[in-house]
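Survey of secondary and tertiary structure
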Amino acid sequence: MSVIPQTNALEGFHIHDNQSGFSGEITQVETLPQGMMFTVQGSDPVNPVLIPLVESWISQINEKTFTIYMDLPEGLIDLNLSTSSIEPDDLDDLSEEEE
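Residues numbered from 1 in each chain as written. Predicted model: local features only at pLDDT ≥ 70, side-chain atom pairs only at ≥ 80, totals over all residues. Heavy atoms only, no water.

1. Side note on the overall build of the chain
In terms of helices and strands, the chain carries two helices and six strands. In the chain, the succession of helices and strands from N to C terminus is β-β-β-β-β-β-α-α. By residue count, 29% of the 99 residues in the chain fall in the buried class. Here the contacts in the chain between residues at least 6 apart in sequence split such that 38% fall between residues at least 24 apart. (Helix = DSSP H or I, 4+ residues; strand = E, 2+ residues; numbered from the N terminus. Buried < 20%, exposed > 50% of the residue type's maximum accessible area, 1.4 Å probe, protein only. Contact = heavy atoms within 4.5 Å.)

2. Topic: the nonpolar core
Core analysis: the largest hydrophobic core is formed by 19 residues, its most contacted members being Ile 15, Ile 26, Phe 38, Ile 51, Ile 68 and Met 70. Looking at this core, the elements that each hand over two or more residues are strand E2 (23-32), strand E3 (35-41), strand E4 (49-52), strand E6 (67-70) and helix H1 (76-84). Ranked by the residues each element gives to this core, the list is headed by E3, at three residues. Apart from residues no more than four positions distant in its own chain, Ile 68 is found in contact with Leu 10, Phe 13, His 14, Ile 15, His 16, Ile 26, Ile 58, Gln 60 and Ile 61. (Core = buried A, V, L, I, M, F, W, Y, C linked by side-chain atoms within 4.5 Å.)

3. Quick word on the sheet that holds E3
Taken together, the six strands give an open sheet; going across it, the order is E4-E3-E2-E1-E6-E5, and neighbouring strands pair in mixed fashion. The two strands at the open ends of the sheet, each matched to only one other strand, are E4 and strand E5 (58-62). Mean inter-strand twist for the sheet, computed between neighbouring axes without regard to direction, equals 35°. With four bridges joining them, E5 and E6 adopt antiparallel strand pairing. Residue pairing in the sheet places Gln 60 in a bridge with Tyr 69 of E6. (Pairing = 2+ DSSP bridges. Axes fitted to C-alpha atoms, helices over the stretch in contact; angles between N-to-C directions.)

4. Looking at the side chain of Thr 67
Inspection of the secondary structure puts Thr 67 in strand E6. A polar side-chain atom of Thr 67 sits 3.2 Å from the main-chain carbonyl oxygen of Thr 65. When residues no more than four places from it in sequence are discounted, the contact partners of Thr 67 are Phe 13, His 14, His 16, Gln 60, Ile 61 and Asn 62. (Polar contact = N/O pair within 3.5 Å; in protein donor to acceptor, adjacent residues only side chain to side chain.)

5. Here we look at the packing of aromatic side chains
Scanning the entire structure with this criterion turns up one aromatic pair. A ring pair is formed by Phe 13 and Phe 66, whose centres lie 5.4 Å apart and whose planes are at 85°; its orientation type is edge-to-face. Of the two residues, Phe 13 sits in the segment before strand E1 (14-17) while Phe 66 sits in the loop between E5 and E6, which places them 53 residues apart along the sequence. On the basis of relative accessible area, Phe 13 is assigned to the buried category, the value being 4%. (Phe/Tyr/Trp six-rings, centres within 6.5 Å; stacked < 30°, edge-to-face > 60°.)

Right under this line is the structure:
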């Protein structure tokens, strides 16, 4: 039996990563072929973080405070933030270096 509340009830829950200290609010839940994906709005309003729903990463769910505590793999949050902060001009610079 799943420990996860119903999918449609997860928007508005907060995610807290025990490893990195990242926290944010789930603003969207998508069902993809690979599984469910949370879009989480952290402190940076421009760059949401995508977090796959993996039950083994969940350490605790507090339904009273609407908080999901997770042990995310090291670097997952940084990966999201670093790829979303690439500017189009940066991509042009990278393609010029390859030539």
